Amino acid sequence: MKNAKPKVGQDMFNLLKLLFPIPRSITGDGVRRTLGIIKDYIPELEIKGIKSGERCFDWEVPKEWVCEEAYIQEVDTGKVILDFKKNNLHVVGYSIPVDKVLNFDELKEHIFYREDLPDAVPYVTSYYSSFWGFCMSYNQFNKLNHNSKYRVVIKSRFVDGELNYGEVVLKGKEDREVFFSTYICHPSLANDNLSGPVLCTFLAKYLKNKDRRYTYRFVFIPETIGAICYLKRNLEHLKEKVIAGFVVTCVGDEGEFSYIPSRYGNTLADKVALTVLENCAKSFKRYSYIDRGSDERQYCWPGVDLPVCSVTKTKYGEFKEYHTSLDNLEFVTPKGLEESLDLYIKIVESLENNYVYKTTILCEPFMRKRNLYPGVSYWSAKYDYPQLLLNILVYSDGTNDLLDLANILKICPTELIDPINLLLREGLLEIL
């Protein structure tokens, strides 16, 4: 497998830009429209549904939320203060319907803003409580006339429907699986988390035309409730087949990489993620599982115990734009998206080639007769590559796999694949 094609980051950004305006929530037409567009890129995607009211462990699938219109209007002037159609963050997600006239003191109890980010519109939801509200920038809030009356309108309804998710399964030579999970419920927020579905789309496109050792499973779900319901349907299979899994989110900015481990940080997913980050990335920040915040909360819950961790760019909650309108098309970049895709490709390549190797010859082999060592020995001869081959051989004692070798030699594991294959062809290594 080779790295992603040049300028793939721009193609990723174009898909993200296409998805950005869609008003999404944990259910509804926005989710279906998003999945439909992703299916245009990956025809193998299956769009599935779980009926409203279905029990998923301790949770229940909510009714679909349909918001047709929402605005605040100053009564005296007729001026529309904000409009859901102009920015889908303006309405608290899952707001109940309302149509009434309020004074300023009554209205402000239903307004959310960020004083620390006065130009940002915050992202707020109320999925499981009967509530209504609006979100605006602090600067906009300060312009409200305290003596005015305001008409507030939210034309929303709750209907029996289903929670939708998408699934792609790419069969490999083995039925053991590598699992990727990303979420599609946030509205117009670019890094958290349109970047995750976009990366998974392009990683699946990349993998589907490759000769695969493992089977790859991608799921595009609403966060939390989607993961819980997906586990309700698939837990036994996942526990039996998944050898490594990753929650893909916040992978579009240009900050350093971040690593959030599984509950104990001792899975194959953790090992490959850390090996690639430590030996391939310029830098990264390491977090504790206590710092978790996405669907690793479900996949690593006691009794579920899937081998799942997360590799992000700047971690959710750690960038000031998080859950606000500033997480927009200016915050994510083609460069950031492509860097993340390239890192995940390195993770996949490392897993595909992660065998335990053993040298076949006692003592150091005669490399010169195989044209693997310079013919004339002198102080400035180029020994780096021959020495790398010998270092691979000397640590291939039947106990170390590719990831172990990369950590011992402090080399990106994907840079070891070609020399290892050379040694295999020369009969100097064998796979156990």
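The rules we used
- Residues numbered from 1 in each chain as written.
- Predicted model: local features only at pLDDT ≥ 70, side-chain atom pairs only at ≥ 80, totals over all residues.
- Heavy atoms only, no water.
- Helix = DSSP H or I, 4+ residues; strand = E, 2+ residues; numbered from the N terminus.
- Buried < 20%, exposed > 50% of the residue type's maximum accessible area, 1.4 Å probe, protein only.
- Contact = heavy atoms within 4.5 Å.
- Expected span 1.5 Å × (residues − 1).
- Pairing = 2+ DSSP bridges.
- Axes fitted to C-alpha atoms, helices over the stretch in contact; angles between N-to-C directions.
- Salt bridge = Lys/Arg side-chain N within 4 Å of Asp/Glu carboxyl O.
- Phe/Tyr/Trp six-rings, centres within 6.5 Å; stacked < 30°, edge-to-face > 60°.
- Lys NZ or Arg CZ within 6 Å of the ring centre and 35° of its normal.
- Core = buried A, V, L, I, M, F, W, Y, C linked by side-chain atoms within 4.5 Å.
- Disulfide = S-S within 2.5 Å.
- Left-handed = near helix turned anticlockwise from the far one by under 90°.
- Nonpolar A, V, L, I, M, F, W, Y, C, P; charged D, E, K, R; others polar.
- Polar contact = N/O pair within 3.5 Å; in protein donor to acceptor, adjacent residues only side chain to side chain.
- Patch = residues over 30% accessible without salt bridge, like charges linked within 9 Å, V, L, I, M, F, W, Y side chains within 5 Å.
- Areas by Shrake-Rupley, 256 points an atom, 1.4 Å probe, with all protein chains shown as cover.

Novice: Tell me about the overall build of the chain, and please be specific about residues and values.
Specialist: The helix and strand inventory of the chain stands at 12 helices and 19 strands. Counting only C-alpha atoms and orienting by the principal axes, one finds that the chain spans roughly 95 × 45 × 35 Å. Per-residue burial for the chain yields a buried fraction of 56% across its 432 residues. Counting contacts in the chain only where the partners sit at least 6 residues apart, residues at least 24 apart contribute 81% of the total.

Novice: Got a sec to walk through the side chain of Thr-333? Specific residues and values, please.
Specialist: With respect to the helices, strands and loops of the structure, Thr-333 is situated in the loop between strand 16 (308-312) and helix 9 (334-352). The buried category is assigned to Thr-333, whose relative accessible area is 16%. Apart from the residues lying within four places of it in its own chain, the contact partners of Thr-333 are Phe-13, Gly-252 and Glu-254.

Novice: Outline helix 12 (residues 414-425), supporting the account with residue identities and numerical values.
Specialist: With 12 residues, helix 12 should cover 16 Å at 1.5 Å per step; its first-to-last C-alpha distance of 18 Å lies within 8% of that length. Every buried residue of helix 12 is accounted for by Thr-414, Leu-416, Ile-417, Pro-419, Ile-420, Leu-422 and Leu-423. Buried residues along helix 12 sit in contact with helix 9, strand 17 (356-359), helix 10 (384-395), helix 11 (402-409) and strand 19 (429-431). Remark: Gly-427 follows helix 12 within two positions and exhibits a positive phi of approximately 80 degrees.

Novice: Explain the sheet that holds strand 4 (residues 64-74) residue by residue, including any values.
Specialist: Pairing is antiparallel across the open sheet formed by four strands, whose spatial order is 5-4-9-6. Both edges of this open sheet fall to strand 5 (80-83) and strand 6 (98-103), since each of them pairs with a single strand only. Sheet twist, expressed as the average angle between the axes of neighbouring strands with direction ignored, equals 15 degrees. Pairing geometry for strand 4 and strand 9 (residues 149-159), over 10 bridges, is antiparallel. Across the sheet, Ala-70 pairs through a bridge with Ile-154, a residue of strand 9.

Novice: Run through the pattern of salt bridges, naming residues and quoting values.
Specialist: Inspection of every chain in the model, using the stated rule, returns 23 salt bridges. Put simply, Arg-151 and Asp-99 hold a salt bridge, and the shortest N to O gap is 2.8 Å. Taken together, the residues span a long stretch of sequence, with Arg-151 in strand 9 and Asp-99 in strand 6 at a distance of 52 residues. Here Glu-167 ties to Arg-217 by a salt bridge, and the two come within 2.6 Å at their closest N and O atoms.

Novice: Could you give an account of the packing of aromatic side chains, naming the residues involved and the relevant values?
Specialist: Taken as a whole and assessed by the stated rule, the structure comprises 21 aromatic pairs. Where Trp-59 meets Tyr-128, the ring centres are 5.5 Å apart and the plane angle is 80 degrees; that geometry is what we call edge-to-face. Taken together, the residues Trp-59 in strand 3 (residues 59-60) and Tyr-128 in the loop between strand 7 (111-112) and strand 8 (134-135) connect sequence positions 69 residues apart. Of the residues examined, Tyr-128 reaches a relative accessible area of 45% and is grouped as partly exposed. Members of the aromatic cluster, joined through ring pairs, are Trp-59, Trp-65, Tyr-94, Tyr-127, Tyr-128 and Phe-158. Over the ring of Tyr-287 we find Lys-315; its NZ or CZ atom is 5.2 Å from the centre of that ring.

Novice: I'd like a description of the nonpolar core, backed by residues and values.
Specialist: With 59 residues, the main nonpolar core has Phe-180, Leu-203, Tyr-216, Phe-218, Phe-220, Phe-246 and Tyr-344 as its most contacted residues. Discounting chain neighbours no more than four positions away, the residues touching Tyr-216 are Val-168, Val-169, Leu-170, Val-178, Phe-180, Leu-207, Val-348 and Glu-352. Counting residues in hydrophobic clusters, the runner-up holds 57 residues, among them Val-61, Val-98, Val-121 and Tyr-183.

Novice: Outline the state of the cysteines, listing residues and values.
Specialist: Simply put, the disulfide is a covalent bond whose two ends are the sulfur atoms of two cysteines. By the definition in use, this model includes two disulfides. Two residues share a disulfide in this structure: Cys-56 and Cys-229, whose sulfurs sit 2.4 Å from each other. An S-S torsion of about 105 degrees defines the bridge between Cys-56 and Cys-229 as right-handed. Remark: Cys-229 occurs in helix 6 (residues 225-241) and Cys-56 occurs in strand 2 (residues 55-56); sequence separation between them is 173 residues. Per residue, the accessibility class of Cys-56 equals that of Cys-229, and both read buried. The disulfide that involves Cys-280 links it to Cys-412, with 2.0 Å between the sulfurs. Taking the sign of the torsion about the S-S bond as the criterion, the disulfide between Cys-280 and Cys-412, at about 90 degrees, is right-handed. Of the two residues, Cys-280 is situated in helix 7 (residues 268-280) and Cys-412 in the loop between helix 11 and helix 12; the sequence distance between them amounts to 132 residues.

Novice: Would you mind going over the packing of helix 7 against helix 11 in detail, with residue names and values included?
Specialist: It is the contact of helix 7 with helix 11, at a shortest axis distance of 10 Å, that shows an interaxial angle of 35 degrees. Crossing of helix 7 over helix 11 shows left-handed handedness. Within the contact between the two elements, helix 7 uses Leu-268, Lys-271, Val-272, Thr-275, Glu-278 and Asn-279 and helix 11 uses Leu-403, Asp-404, Ala-406 and Asn-407. Across the contact of helix 7 with helix 11, the residue classes tally to four nonpolar, three polar and three charged.

Novice: If you had to explain the environment of Arg-114 to someone new, which residues and values would you point to?
Specialist: Within the secondary structure, Arg-114 is located in the loop between strand 7 and strand 8. Note on Arg-114: relative accessible area 25%, which makes it partly exposed. The spacing of Arg-114 and Lys-143 is 29 residues in sequence and 15 Å in space, taken between C-alpha atoms. Not counting the four nearest positions on each side in its chain, Arg-114 is found in contact with Pro-122, Tyr-138, Lys-320, Tyr-322 and Thr-324. Within polar-contact distance, the side chain of Arg-114 engages the side chain of Asp-116 at 2.8 Å.

Novice: Just give me the short version of a nonpolar patch on the surface, but keep the residues and values in it.
Specialist: A cluster of nonpolar side chains, contributed by Val-394, Tyr-395 and Ile-408, occupies part of the molecular surface with about 270 Å² of accessible area. Tracing the sequence through the fold places Ile-408 in helix 11. In this structure Ile-408 comes out as partly exposed when scored by relative accessible area, which is 37%.

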